[in-house]
Amino acid sequence: MKCASVAIIGRPSAGKSTLVNTICESKVSITSPTPQTTRNAIRGIYTDTRGQLIFTDTPGYHISDKGFNKRMQEIAVSSLEETDAVVYLIDATRSPGAEEDAISYMLSGLSVPVLCCINKKDMLTDQQISAAREYLGKHMPGRQILELSALEDDGIDEVLIELFRLAPEGDLLYDENARTDQNLEFRISEIIREKAMNSVKEEIPHAIMVEISDLEYNEEENRIWIRAFITVERESQKGIIVGKGGSNIKAIRVAAFKDIKKIFPQSKLELDLRVHVNGKWKTNDFTLRKVFCETKE
Ligand SMILES: Nc1nc2c(ncn2[C@@H]2O[C@H](COP(=O)(O)OP(=O)(O)OP(=O)(O)O)[C@@H](O)[C@H]2O)c(=O)[nH]1
Ligand SMILES: [Mg+2]
């Protein structure tokens, strides 16, 4: 039996979270066309007869105004050295720039195996593929290169074969049916954040936060009741999230409901979604909690 920890590294929007979801056959990590969607290190677990691969989906590396922070890079490198393998995902639809150079520089010095994966094969021309191969050949010499489409589940088997080949012998660390180690509240809040992010444009997606204020299970009725708050930074953003006559928040609710239901297929589900402007919501939440408690008693 084999067991390995695998970190997925790449630029924002390279498709890291999509890859984890495709491999784990489940929405483990949320995705969107907006760069910097993933905000935490998210674990996705894949198990078959060969053993277990524990993936860490990471927030995309990006260069801030101050450039790549050296200390941050050192931390990143030392934590990557503790994994059994690294998947370096490249989005070859975009030409590599300073960001890609910084990532490949950081990864090229690692002593752990790095599997270079050219993603979005479904969209790539032959020229783009050979340009990516040339880039990787130069910046990641000696590392293996695969091509895949995380979105269309193409080339994934080859990635798994290679990762299991690299994996050390070991017992399973998680239950064989586990797909992620995230707690329920976090998973639900991330699903809502994904739907909210995907419902708006430009800078608003980054202003969105989601908090679950209540999560209750009524065993008698087999009913799950969730109340969540979508928090934004400004009143104008709240208006956009709510939409005309509440149309946007309704659409977010319907889409989130569908995905959350997959976590609880056998139970009745109630989802109460509200929008708040950051800084104001805590007092309101307290009132709501109180009201709710009073109703319950
Ligand atoms: N055509 C195509 N699109 C893809 C593929 N993989 C990912 N995408 C799209 O690329 C966008 C970004 O995907 P994510 O998985 O969120 O990217 P990420 O690397 O996790 O991004 P961050 O979390 O922001 O760092 C989404 O719109 C995906 O649908 C692929 O293989 N082909
Ligand atoms: Mg992501």
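Owing to the predicted nature of the structure, the values given are computational and were not obtained by experimental measurement.

Section: the site of ligand 1
- Lys16, Thr18, Gln36, Thr38 and Asp122 are the nearest of the 24 residues found near ligand 1.
- Here an oxygen atom of ligand 1 and a side-chain polar atom of Lys16 are 2.7 Å apart.
- In this structure, Asn119 approaches ligand 1 through a side-chain N or O atom, which is 3.1 Å from an oxygen atom.
- In isolation ligand 1 offers 650 Å² of accessible surface; the protein chains occlude 91% of this area.
- Element by element, the count of residues in the shell around ligand 1 is highest for helix H1 (residues 16-24), at three residues.
- Among the residues forming the shell around ligand 1, the class breakdown is seven nonpolar, 13 polar and four charged.

Details of the pattern of salt bridges
- For the structure shown, the criterion picks out 17 salt bridges.
- For the salt bridge of Arg223 with Glu270, the shortest nitrogen-to-oxygen distance reads 2.6 Å. With a gap of 47 residues between them, Arg223 in strand E8 (residues 223-232) and Glu270 in strand E9 (residues 268-277) connect regions that are remote in the sequence.
- Beyond isolated ion pairs, a larger network of salt bridges with shared partners links Lys27, Glu194, Lys195, Asp259 and Lys262.

Remarks on the coordination of the magnesium ion (ligand 2)
- The magnesium ion (ligand 2) binds to the protein through Ser17 (OG) and Thr38 (OG1); the donor distances cover 1.9 to 2.1 Å. Linking Ser17 in helix H1 with Thr38 in the loop between H1 and strand E2 (42-48), this pair joins segments that are 21 residues apart in sequence. Of the two residues, Ser17 and Thr38, both sit in the buried class.

Thoughts on the pairing of strand E7 (residues 209-218)
- Of the strand pairs in this sheet, E7 and E8 are connected by nine bridges, and their pairing is antiparallel. Within E8, the position partnered with Ile212 by the bridge is Ala228.
- As consecutive antiparallel partners, E7 and E8 are separated by four residues, and within that stretch Asn222 has a phi angle of approximately 50°, a positive value.

Concerning the confidence of the model for the protein chain
- Per-residue pLDDT for the protein chain has a mean of 89; in total, 90% of the residues score no lower than 70.
- For the stretch residues 281-297, pLDDT sits under 50, and the model shows 16 contacts to residues farther than four places along the chain or on other chains.

Definitions and limits used
- Residues numbered from 1 in each chain as written.
- Chains lettered and ligands numbered in written order.
- Predicted model: local features only at pLDDT ≥ 70, side-chain atom pairs only at ≥ 80, totals over all residues.
- Heavy atoms only, no water.
- Near = heavy atom within 4 Å.
- Polar contact = N/O pair within 3.5 Å; in protein donor to acceptor, adjacent residues only side chain to side chain.
- Areas by Shrake-Rupley, 256 points an atom, 1.4 Å probe, with all protein chains shown as cover.
- Helix = DSSP H or I, 4+ residues; strand = E, 2+ residues; numbered from the N terminus.
- Nonpolar A, V, L, I, M, F, W, Y, C, P; charged D, E, K, R; others polar.
- Salt bridge = Lys/Arg side-chain N within 4 Å of Asp/Glu carboxyl O.
- Donors = N, O, S within 2.8 Å, 3.2 Å for Na, K, Ca; no water.
- Buried < 20%, exposed > 50% of the residue type's maximum accessible area, 1.4 Å probe, protein only.
- Pairing = 2+ DSSP bridges.
- pLDDT = per-residue confidence, 0-100.
- Contact = heavy atoms within 4.5 Å.

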